Amino acid sequence: MEYLFREHSEKKLRRWAQRLKFFRFFRALGGHANDGDSLDISFVYKELAQLDTFLADLGVDLVKFDALPPQPVPGVAYQGDLFLQFPSLIDDTLWQQPGQCTITGIEVFIWCHAGVVKISLHDGYAVSEQNVRDAAVIEKLLARVVLERIDPPADSRHYFCPE
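Given the structure is predicted, the values throughout are model-derived calculations rather than measurements.

Calculation rules
- Residues numbered from 1 in each chain as written.
- Predicted model: local features only at pLDDT ≥ 70, side-chain atom pairs only at ≥ 80, totals over all residues.
- Heavy atoms only, no water.
- Helix = DSSP H or I, 4+ residues; strand = E, 2+ residues; numbered from the N terminus.
- Areas by Shrake-Rupley, 256 points an atom, 1.4 Å probe, with all protein chains shown as cover.
- Pairing = 2+ DSSP bridges.
- Core = buried A, V, L, I, M, F, W, Y, C linked by side-chain atoms within 4.5 Å.
- Buried < 20%, exposed > 50% of the residue type's maximum accessible area, 1.4 Å probe, protein only.
- Contact = heavy atoms within 4.5 Å.

Enquirer: What should I look at first to understand the overall build of the protein chain in this one?
Expert: Of the regular secondary structure elements, the protein chain holds four helices and seven strands. Reading the helices (α) and strands (β) of the protein chain from amino to carboxyl end gives α-β-β-α-α-β-β-β-α-β-β. Summing over all exposed atoms, the protein chain offers an accessible surface of approximately 9900 Å²; the carbon and sulfur share of this is 53%.

In structure tokens, the structure reads:
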């Protein structure tokens, strides 16, 4: 448990959990995993039309290709900047992952994989008080979402939930 409260006290995380209805604090593995703490929320989508509508309702414009864009070839090494030029696609689509984008002017990161759309907020590798305020604003938009919410957002003991 000490690991969970290294950056933020248990008291602070409990206050954040009480203020937020849907977003959950994730304590990163850190170190060599090169991940960071975040506030996350996940939803299940069964059809691509549901995902498309969900993201459109949040004001997120998907890039949709007419044909498969160039993709990295397995086993071929690429320089970092060259690799970043390949668009990441949502599974079984010609749609680009939303990645870093905005919802009502708030920077978020959205990733869609295996029928799950996950939205994350963070400041670099940490979660700030501003992230909590921003999450509360986004939650107002998410309150009317008809997709099933996954709670916690992923199967991990690193989530801090009100329960």
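Enquirer: Sorry if this is basic, but what is going on with the pairing of strand β5 (residues 116–121) here?
Expert: One face of the sheet, then the other: side chains in a regular strand alternate in exactly this way. With six bridges connecting them, strand β2 (residues 38–44) and β5 associate as antiparallel partners. When the sheet's bridge partners are listed, Val44 is paired in β5 with Val116. Pairing of strand β4 (residues 106–113) with β5 involves five bridges; the strand directions are antiparallel. Residue Phe109 lies in a different strand from β5, and its bridge partner there is Ser120. From the end of β4 to the start of β5, which pair antiparallel, there are two residues, and Ala114 there has a positive phi angle of about 55 degrees.

Enquirer: Even after reading the chapter, I still don't get the nonpolar core, so can you show me in this structure?
Expert: In globular proteins that are soluble, nonpolar side chains generally tend to be buried together. Phe23 and Ile110 are the most contacted members of the largest nonpolar core, which has 35 residues in total. In this structure Phe23 touches Leu39, Asp40, Ile41, Ile119, Leu121, Ala135, Ile138, Glu139 and Leu142, once residues within four positions along its chain are discounted.

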